Amino acid sequence: MKKILALILSLAMLTAMAMSLASCAEEESVDVGIVLPTKEEPRWLQDETSFKEALDKAGFTSEVLFSQGKSDVELSNVEALLEKNIKVLVICAQDATAAGAAVNKAQAAGVKVVCYDRLITGTEAVDYYVTFNSFSVGVAQGQYLIDAYKDKTGVPLYIYSGAVTDNNAFIFFAGAWSVLNKAVADGQFVIQNCPDIAEYVGKELDPEKDHEVLANILGKITTNWDFATAKTLAEANLVDADAAAKGDVAILAPNDGTARAIADAFSADAAVTSYVITGQDAEMASLKYIQDGKQSMTVWKDTATLATSTCDLVNALLKDETPKAVATYNNQAKDVPSTEVAVTVVDKDKLAELIAAGTFEQAKIDSAK
Ligand code: BGC
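Thresholds applied
- Residues numbered from 1 in each chain as written.
- Predicted model: local features only at pLDDT ≥ 70, side-chain atom pairs only at ≥ 80, totals over all residues.
- Heavy atoms only, no water.
- Phe/Tyr/Trp six-rings, centres within 6.5 Å; stacked < 30°, edge-to-face > 60°.
- Helix = DSSP H or I, 4+ residues; strand = E, 2+ residues; numbered from the N terminus.
- Buried < 20%, exposed > 50% of the residue type's maximum accessible area, 1.4 Å probe, protein only.
- Lys NZ or Arg CZ within 6 Å of the ring centre and 35° of its normal.
- Polar contact = N/O pair within 3.5 Å; in protein donor to acceptor, adjacent residues only side chain to side chain.
- Contact = heavy atoms within 4.5 Å.
- Salt bridge = Lys/Arg side-chain N within 4 Å of Asp/Glu carboxyl O.
- Near = heavy atom within 4 Å.
- Areas by Shrake-Rupley, 256 points an atom, 1.4 Å probe, with all protein chains shown as cover.
- Nonpolar A, V, L, I, M, F, W, Y, C, P; charged D, E, K, R; others polar.
- Pairing = 2+ DSSP bridges.
- Axes fitted to C-alpha atoms, helices over the stretch in contact; angles between N-to-C directions.
- Parallel < 35°, antiparallel > 145°, perpendicular 65-115°, else oblique.
- Left-handed = near helix turned anticlockwise from the far one by under 90°.
- Arc of directions from axis to C-beta.

A. A look at the packing of aromatic side chains. By the definition in use, this model includes 7 aromatic pairs. Aromatic side chains Phe 172 and Trp 225 sit 6.2 Å apart centroid to centroid with 75° between the ring planes, which places their arrangement in the edge-to-face category. One end of the pair, Phe 172, is in helix α6 (residues 167–185); the other, Trp 225, is in the loop between α7 (211–221) and α8 (227–240), with 53 residues separating them in the sequence. In this pair, the class of Phe 172 matches that of Trp 225, namely buried. Here Trp 300 and Phe 360 contribute two aromatic rings whose centre-to-centre distance is 5.1 Å and whose plane-to-plane angle is 65°, an arrangement assigned as edge-to-face. With Trp 300 in strand β10 (residues 298–300) and Phe 360 in the loop between α12 (348–356) and α13 (362–366), this residue pair connects regions lying 60 residues apart in the sequence. Above the face of the Tyr 289 ring, Lys 294 is positioned so that its terminal group lies 4.2 Å from the ring centre.

B. Geometry of the side chain of Ser 178. Position of Ser 178 among the secondary structure elements: in helix α6. A distance of 2.6 Å separates the side chain of Ser 178 from the backbone oxygen of Gly 175, its partner in a polar contact. Apart from residues lying up to four places away in sequence, Ser 178 is in contact with Phe 135, Val 139 and Glu 204.

C. Quick peek at the pattern of salt bridges. Counted under the stated rule, the structure contains 15 salt bridges. Among the ionic pairs, Lys 246 bridges to Asp 269, the shortest N-O distance being 2.8 Å. Here Asp 269 lies in the loop between α9 (256–267) and β9 (272–277) and Lys 246 lies in the loop between α8 and β8 (247–252), a separation of 23 residues in the sequence. Under the relative-accessibility criterion, Asp 269 is labelled buried at 14%. Residues participating in the shared-partner salt-bridge network are Arg 43, Asp 47 and Asp 117.

D. Expanded view of the site of the ligand. Taken together, the neighbourhood of the ligand is formed by 13 residues, with Glu 41, Arg 43, Asp 117, Asp 166 and Asp 281 sitting nearest. At 2.6 Å from an oxygen atom of the ligand is found a side-chain nitrogen or oxygen belonging to Glu 41. The contact in question runs from an oxygen atom of the ligand to an N or O atom on the side chain of Arg 118, over 2.7 Å. Summarising the interface, the protein chains cover 100% of the accessible area of the ligand, which totals 310 Å² for the free molecule. Broken down by secondary-structure element, the contributors of at least two residues to the shell around the ligand are α2 (42–57) and α6. Tallied by class, residues from the shell around the ligand come to 3 nonpolar, 3 polar and 7 charged.

E. Main features of the sheet that holds strand β2 (residues 62–66). Across the sheet, which stays open at both edges, the 7 strands sit in the order β2-β1-β3-β4-β5-β12-β11 with mixed pairing between neighbours. Two strands in the sheet have a free side with no partner beyond their single neighbour: β2 and β11 (327–330). Put simply, the sheet's adjacent strands are angled 25° from each other on average, direction ignored. As paired strands, strand β5 (residues 128–132) and strand β12 (residues 335–341) are joined by 4 bridges and run parallel to one another. The residue bridging Val 130 from the neighbouring strand is Thr 339, located in β12.

F. Focus on the packing of helix α10 (residues 284–291) against α12. For the pair α10 and α12, the least separation of the axes is 9 Å and the interaxial angle reads 120°. What the angle tells us is that α10 and α12 run oblique. In this structure, α10 crosses over α12, and the sense of that crossing is left-handed. Across the interface between the two elements, Leu 287, Ile 290 and Gln 291 of α10 pack against Lys 348, Leu 351 and Ile 355 of α12. When its residues are assigned to classes, the contact of α10 with α12 shows 4 nonpolar, 1 polar and 1 charged.

G. Expanded view of α12. Where α12 is concerned, the buried positions are Leu 351, Leu 354 and Ile 355. Down the axis, α12 shows its buried residues gathered within 100° of arc, on one side only. In α12, the exposed positions angled more than 90 degrees off the buried face are occupied by Asp 349 and Ala 356. On the buried face of α12, the contacting elements are α10, β10, β13 (344–346) and α13.

This is the structure we're talking about:
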């Protein structure tokens, strides 16, 4: 009798364990897996918040993982999400080419792949690309410098780029160069820190067709999206510059984090009397720099809009519909259908308007580090 009771008890325990394992597996199943580059830049934390809100609202389960600047972490993040049976992978690549291995695995597992903000290159395993209009980000930065020094000639211009492993860095720079090349040809600006670009003055560079030329130029002026690298490079450029290359200067900085680092280097040089510097992302710390007159502008890319646009796309992909595309981007393996979200230039005046409208909170700007 005792034996039978013990048997019944262990069977009951086994059933309970099996049931809890099954419910765990159910809990572990996630609709949308999201992989973002790093937690160290406020930009990607904005995206995380926007995603969580948009996907929750749309009724999808999701999980966000960060690659912390490493392609091997990115790959293991994708593998972990595939284990959770995701149906769609939304990925913002750490490195445009290295990420190919991760998305090839996802596609082989039947998962739809959406490149988010940064295009993954050299693979066909990419279904869609959701992005801001990155070319227009660069145009806005270049045009801002041109307008700030209207009617001036011979203004020293320092140019910096993002990471060469990020396809966007090519697009931002080509956008800025599409307007700056003429201003340099007309004598408004004199580039101080990139002899390699001299032969392209008066010519536009295409981010896809002129990829190799751009890779060489960007390699000479890259911040690698890293604040310390940006500051060291700017300081080295200032050591090389003579008095004529200082005074009132213009600086093309690719994003907010690098803009603050470069601005700090230029403000520390007594021979620089004033500077106009660009940025992008509307990070709180840069909005503070703009209010304090230490950064001239930023290009605001509303991550809430991009996350909502991604949600619509996920919805369509899960229903096996063909999502609408407004553009295509060639990733060196195929033309990837894409959406393009518009961007907004924010300078001191525009920022005051946006704060008054409740878009940005003064308290958050004040407490930014
Ligand atoms: C993004 C920018 C960001 C940069 C550095 C780019 O791909 O588009 O918004 O500032 O990466 O993370």
